[in-house]
Amino acid sequence: MRIKFLFLVIISACACSSLPIKEKSEFNEAVIQKPKLDYKVNSLPETINIYFSQGKDDSKIPPEIQGFITNSYYYNSKISYTPKIILTPVGKEKCEINDELEDLYIVFDLKYLPLSAKEKNCFEGLPKSKTIYISNKEVSDNYSNNLLVSRSLERDKLIDSIPQNIKRIALIDSKKIDDRNKLISLLEDKNIEIVENKTFDGKLSSQEIFSTILLESRSKERARKISRRLSRNLVSFNRIRQDIDGFFFSVDLKDARSLKPALDYISESDIDVFILNSWKSNDIYKVIDKDLVGTFNSDLPIMMPIELPIAISKDKRTREFAIGYDTYEIILIKYGSIRAREYNYQGLSGKFKIKNGQVYRSSYLFKITNNGIEIL
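Bear in mind that the values here come from a model prediction, so they are computed numbers and not experimental data.

Trainee: Can you lay out the sheet that holds strand β13 (residues 358–362) for me, pointing to particular residues and giving the numbers?
Mentor: With antiparallel pairing, the three strands of this open sheet are ordered in space as β11-β12-β13. Edge strands, defined here as strands with exactly one partner in the open sheet, are β11 (342–346) and β13. Pairwise comparison of adjacent strand axes, ignoring direction, gives a mean angle of 20 degrees for this sheet. With five bridges joining them, β11 and strand β12 (residues 351–355) adopt antiparallel strand pairing. Residue pairing for β12: Tyr343 is matched across the bridge by Ile354. Of the strands in this sheet, β11, β12 and β13 are in contact with helix α10 (residues 319–336), which crosses β11 at around 160 degrees.

Trainee: Requested: an account of the environment of Glu124, with residues and values cited.
Mentor: Its place among the elements puts Glu124 in helix α4 (residues 117–124). Given a relative accessible area of 44%, Glu124 falls into the partly exposed group. Counting along the chain gives 18 residues from Glu124 to Asn142, while the straight-line C-alpha distance between them is 8.3 Å.

Trainee: I'd like a rundown of the nonpolar core, residues and numbers included.
Mentor: Grouped together as the largest cluster of nonpolar side chains are 76 residues, with contacts concentrated most on Ile50, Phe68, Phe108, Phe247 and Phe249. Looking at which element gives the most residues to this core, the answer is α10, with nine residues. Excluding residues within four positions of it along the chain, Phe247 makes contact with Ala170, Ile172, Phe210, Ile213, Leu214, Leu263, Ile271, Asp272, Val273 and Phe274. If you look at the next biggest cluster of nonpolar residues, it comprises 17 residues, including Leu158, Ile159, Leu186 and Leu276.

Trainee: Tell me about the sheet that holds strand β14 (residues 366–369), residues and numbers included.
Mentor: Overall, mixed pairing links the seven strands, which are arranged β7-β6-β8-β9-β10-β14-β15 in an open sheet. Across the chains shown, the open sheet's two edge strands, defined by having one partner strand only, are β7 (193–200) and β15 (372–375). Taking each pair of neighbouring strands and ignoring which way they run, the sheet shows an average axis angle of 25 degrees. Note that strand β6 (residues 168–174) and strand β8 (residues 246–251) share five bridges and pair parallel. If you follow Leu171 over to β8, its bridge partner there is Phe248. In this fold helix α5 (residues 151–160) packs onto β8, β9 (272–277) and β10 (295–297), with an angle of close to 170 degrees to the strand it touches most, β9. Strands in contact with helix α6 (residues 180–189) are β6, β7, β8 and β9; relative to β7, the strand with the most contacts, it is inclined by about 160 degrees.

Trainee: Let's hear about α10: which residues, and what values?
Mentor: Taking 1.5 Å as the rise per residue, α10 with 18 residues should run 26 Å; its terminal C-alpha atoms sit 25 Å apart, in good agreement. Counting buried positions over the 18 residues of α10 gives 17, a clear majority of the element.

Trainee: Before we move on, can you summarise the packing of aromatic side chains with the specific residues and values?
Mentor: A full pass over the atoms with the stated rule returns 12 aromatic pairs. Both rings, one in Tyr81 and one in Tyr328, keep their centres 6.3 Å apart while their planes meet at 35 degrees; by these two values the pair is tilted. With Tyr81 in the loop between α3 (63–76) and β2 (84–90) and Tyr328 in helix α10, this pair connects stretches of sequence that are 247 residues apart. Judged by its relative accessible area of 4%, Tyr81 is buried. On the accessibility criterion, Tyr328 (1% relative accessible area) is buried. Between Phe210 and Phe247, the aromatic rings sit 5.5 Å apart at their centres with planes inclined by 75 degrees, giving edge-to-face as the arrangement. With Phe210 in helix α7 (residues 206–213) and Phe247 in strand β8, the pair connects residues that are 37 residues apart, well separated along the chain. Just as Phe210 is buried, Phe247 falls in that class too. Connected via pairs of aromatic rings, a cluster forms that spans Tyr39, Phe68, Tyr74, Tyr75, Tyr81 and Tyr328. One cation-aromatic arrangement involves Lys334 over Tyr335; the distance from NZ or CZ to the ring centre is 5.4 Å.

Trainee: How would you explain empty space enclosed by the protein if you had to name every residue and give the values?
Mentor: Empty space among the atoms becomes apparent when a probe as large as a water molecule is rolled across them. Considering all chains together, one arrives at three cavities of 30 Å³ or more under this definition. Quantified by volume, the largest cavity comes out at close to 90 Å³. For the largest cavity, the full set of lining residues is Ile132, Ser144, Asn145, Asn146, Leu147, Thr327, Ile330, Lys334, Gly357, Gln358 and Val359. Going through the elements one at a time, β5 (145–148), α10 and β13 are the ones with two or more residues in the lining of the largest cavity. In terms of residue class, the lining of the largest cavity is made up of four nonpolar, six polar and one charged.

Rules used in this analysis
Residues numbered from 1 in each chain as written. Predicted model: local features only at pLDDT ≥ 70, side-chain atom pairs only at ≥ 80, totals over all residues. Heavy atoms only, no water. Pairing = 2+ DSSP bridges. Helix = DSSP H or I, 4+ residues; strand = E, 2+ residues; numbered from the N terminus. Axes fitted to C-alpha atoms, helices over the stretch in contact; angles between N-to-C directions. Contact = heavy atoms within 4.5 Å. Buried < 20%, exposed > 50% of the residue type's maximum accessible area, 1.4 Å probe, protein only. Core = buried A, V, L, I, M, F, W, Y, C linked by side-chain atoms within 4.5 Å. Expected span 1.5 Å × (residues − 1). Phe/Tyr/Trp six-rings, centres within 6.5 Å; stacked < 30°, edge-to-face > 60°. Lys NZ or Arg CZ within 6 Å of the ring centre and 35° of its normal. 1 Å grid on protein atoms, 1.4 Å probe; cavity = no way out; pocket = protein on both sides within 12 Å on 5 of 7 lines; lining within 4 Å. Points joined across faces, edges and corners; volume = space filled by probe spheres on them. Nonpolar A, V, L, I, M, F, W, Y, C, P; charged D, E, K, R; others polar.

Encoded structure:
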């Protein structure tokens, strides 16, 4: 199994094309920035064993592994660093651990389902001081080197950004995501009242949802009743409720592009909208995203319309790819940089601070405007 994966890695790496950074805009410079550092190659790990959860098709390399190998290939010719990379899929076979021969272990726990007992048992035997544990749902306390890259961090960043003057919010969630109760709890902790809560499930159109929430249909019905009583046609203007300060969408980006224009049409006013991407798809934000103008968002940089430091095809442009790519970068800074005591790295999956051997990640908050994306 290992030989098969190593062969696929070599083929995949050779097929990648590596390009220098193209810093053509201030926006790109503000979001991603490849480190310009001198590395102590002799201090970098010679052997890296990567543990990951393999999908049903074991002939394909998971995107996080592709991202890791792609960045490794980039540095092969830059700093002459070519570590031995061992790929170990968990859940398929017994994990073999050789603490004496392997310098570093990496665990990619990026499954959205909880780990199986067999997977957990595999990780338990890893040396804690030599293991970097990367997860998208929780951080294991068993390891000193932990890194969390999850939708929950983007959610918290977005909720924390809601201004204090917004006290009453309408929440629209999706049947694809089971996070309604958690969102309500977090918003209420911020002293925000949830005045309406609807699920966008395809039964009602976008306009019907907002017509119901904003009571536009009641306004029309009142006008019809008055017309019938007076036996004459009346010129009337729809009146909508004015007690909603903002909207919070927890939906796919595709659904958000349907909901926001409908809200603008029904409300005929600018209402603050906060969008938490579902992470169920890899849709990219557009350079000029007209349907989302005025919305506040938090997501990984690789999902933004940025110019990437390497050629990444559309099918590889995923959050998992970004996490794997940044992991390799973090290893170089953590173990090989002369300035490793403290360094800030702007990666494809967020902003990182490497300080005293520990890695800290923070999220991006951005607003979509008529001129493009504005980093806040």
